[in-house]
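# Coordinates in review
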Amino acid sequence: MNCELSVVVTAHNNAEELERFLPMFLTQDYDGGYEVIVVVEKGEDDTDDALTRIKAKYPPQGSRTTPLYVTYVPDSSRYVSRKKLAVTLGVKAARHEWVVLTEASCYPLSEHWLSEMAAQATDDVDMVLGYANYDGQAAGFRRFVTLRRQLSHWRHARRKTAYSQECHHLMFRKSMFFDGNGFDGNLKYIGGEYEFLVNKFALPGRTAIVTQREAWLEELNPTDKQWRNRQLFHIETRRHLKRSFSHRLPIIVGQLLLHLGYLAELAVVVWGLLTSQWLPVAIAAALFVATIAARTAIVGKAVRVFDADIALWKIPLYDIAWAWHYLYYIIRYRFTDKERFNCHRI
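Bringing the overall build of the protein into the picture now. Regarding its fold elements, the protein presents 11 helices and 10 strands. The dimensions of the protein, computed from C-alpha atoms along their principal axes, are 80 × 45 × 40 Å. Looking at the protein residue by residue over its 346 residues, the buried ones come to 51%. When contacts within the protein are restricted to residue pairs at least 6 apart in sequence, long-range pairs at least 24 apart make up 83% of them.

The next thing to look at is the pairing of strand 4 (residues 98-103). Regular strands show a simple pattern: their side chains alternate between the two faces of the sheet. Within strand 4, 6 of the 6 residues are buried, leaving the element largely enclosed by the surrounding structure. Burial along strand 4 is two-sided: Trp 98, Val 100 and Thr 102 facing one way and Val 99, Leu 101 and Glu 103 facing the other are all buried. Pairing of strand 1 (residues 5-10) with strand 4 involves 6 bridges; the strand directions are parallel. Paired with Leu 5 across the two strands is Trp 98, which belongs to strand 4. Strand direction decides the pairing type here: strand 4 and strand 8 (residues 170-173), joined by 4 bridges, are antiparallel. Residue pairing for strand 8: Leu 101 is matched across the bridge by Leu 170.

Turning to the packing of helix 5 (residues 140-159) against helix 10 (residues 278-305), a few remarks are in order. Running from N to C, helix 5 and helix 10 point in directions that differ by 90°, and their axes come no closer than 11 Å. Accordingly, the angle class assigned to the pair helix 5 and helix 10 is roughly perpendicular. Side by side, helix 5 and helix 10 meet where Phe 144, Leu 147, Arg 148 and Leu 151 of the first sit next to Arg 295, Val 299, Ala 302 and Val 303 of the second. Looking at side-chain class alone, the contact of helix 5 with helix 10 contains 6 nonpolar, no polar and 2 charged residues.

Let's shift gears to the sheet that holds strand 9 (residues 207-209). Strands pair in a sheet through their backbones, by hydrogen bonds, and they do so in one of two ways: parallel or antiparallel. The 7 strands lie next to each other as 3-2-1-4-8-6-9, forming an open sheet whose pairing is mixed. On the outer flanks of this sheet lie strand 3 (68-73) and strand 9, each paired with one strand and no other. On average, each strand axis in the sheet is inclined to that of its neighbour by 20°, with strand direction left out of account. The strands that helix 1 (residues 15-26) touches are strand 1, strand 2 (34-41), strand 3 and strand 4; relative to strand 2, the one it contacts most, it runs at about 155°.

Now for the packing of aromatic side chains. If you walk through the whole model with that rule in mind, you get 20 aromatic pairs. Their ring planes at 25° and their centres at 4.4 Å tell us that Phe 21 and Tyr 107 sit as a pair that is stacked. Of the two residues, Phe 21 sits in helix 1 while Tyr 107 sits in strand 5 (residues 106-108), which places them 86 residues apart along the sequence. The class of Phe 21 is buried, set by a relative accessible area of 3%. Here the aromatic residues Phe 172, Phe 177, Phe 178, Phe 183 and Phe 201 are joined through ring pairs into a cluster of three or more. In this structure, Lys 338 packs its charged tip against the face of Tyr 333, placed 4.7 Å from the ring centre.

In this structure, the largest pocket occupies an estimated 1,300 Å³ of space. Every residue lining the largest pocket is counted, 43 residues in all, and those nearest its centre are Lys 83, Glu 103, His 168, Glu 193 and Arg 230. Of all the secondary structure elements, the ones that give two or more residues to the lining of the largest pocket are helix 3 (82-93), strand 7 (132-134), helix 5, helix 7 (193-201) and helix 8 (224-238). Among the elements that line the lining of the largest pocket, the one with the most residues is helix 8, at 8 residues. Its residues assigned to classes, the lining of the largest pocket shows 13 nonpolar, 19 polar and 11 charged. Of the volumes computed, that of the second largest pocket is approximately 670 Å³. Considering the residues around the second largest pocket, the lining is formed by 25 residues, among which Ile 251, Ile 252, Gln 255, Ala 323 and Tyr 326 are closest to the centre. Here the lining of the second largest pocket takes 8 residues from helix 9 (residues 244-275), the largest share from any one element. Classifying every residue of the lining of the second largest pocket by side-chain character gives 12 nonpolar, 8 polar and 5 charged.

The rules we used
- Residues numbered from 1 in each chain as written.
- Predicted model: local features only at pLDDT ≥ 70, side-chain atom pairs only at ≥ 80, totals over all residues.
- Heavy atoms only, no water.
- Helix = DSSP H or I, 4+ residues; strand = E, 2+ residues; numbered from the N terminus.
- Buried < 20%, exposed > 50% of the residue type's maximum accessible area, 1.4 Å probe, protein only.
- Contact = heavy atoms within 4.5 Å.
- Pairing = 2+ DSSP bridges.
- Axes fitted to C-alpha atoms, helices over the stretch in contact; angles between N-to-C directions.
- Parallel < 35°, antiparallel > 145°, perpendicular 65-115°, else oblique.
- Nonpolar A, V, L, I, M, F, W, Y, C, P; charged D, E, K, R; others polar.
- Phe/Tyr/Trp six-rings, centres within 6.5 Å; stacked < 30°, edge-to-face > 60°.
- Lys NZ or Arg CZ within 6 Å of the ring centre and 35° of its normal.
- 1 Å grid on protein atoms, 1.4 Å probe; cavity = no way out; pocket = protein on both sides within 12 Å on 5 of 7 lines; lining within 4 Å.
- Points joined across faces, edges and corners; volume = space filled by probe spheres on them.

Okay, structure coming up:
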């Protein structure tokens, strides 16, 4: 389906990233017609200079509408999330019904990315969840966490109503966004743009998922500070999402059973060794190995399909560490000043 699309890219002090990645958005092999809208903070001189150079290098081609527009977040904006305001301004500037939203730190892996996304824009769909993960410079654990969370969101979207979106890759109808008053109700929360969009606007059976490799985006490896902030803001955002309990319960139960199973098997092995009960030791050891092998095979298939570049032997370690990693950030969140997550008067 070759519908017309508007690609909205939000940026903040991303002059270098725009020069590297924006041409990949502007040179998509797509016959349906599209535009690219970059939303930046007003007064970022380096970004303005970079966009001027890009405009000169990639002028309108043939009969296609001007491919690159720039709109600005005004300096006077206060007490609302500037990122959500940037998204709103980008969607408002879009001239087409379907909007593809992403970040300046992301880039498509294929010149057919837009075609693959547009193929999902059917009459019975309002929203499309795309896939993105960190580049090869990121630690394997970060790619593992991102992949596991995204797969969890996809399972929820297929079985029920889409709950959230892990990565910076989302397509939706402009009319849906404005008919539902956009980010109204959560503008005061600094983070969670993609999460709130999916959670607020997704309807049963009207969310598509695109998994083809040519539809993937890749994102630059975040700094340690950016990674920490994302985990904390993820926990804060989760508190304000609908359907949170039904989404989180299977994950919590699954991790609890996994840990209890490992502890029980270990306890039997220790008891058997201390009492010379070799049959229970053998059975517990066999169950332990079988559990690791099964989970490695299941997760390893997803790792291969999505080319996450994670060694198979690390999967069981990451599988266990995932829960403890999250617990660490929950504890850290408890001792964090909650005002940092909201727009407030200083």
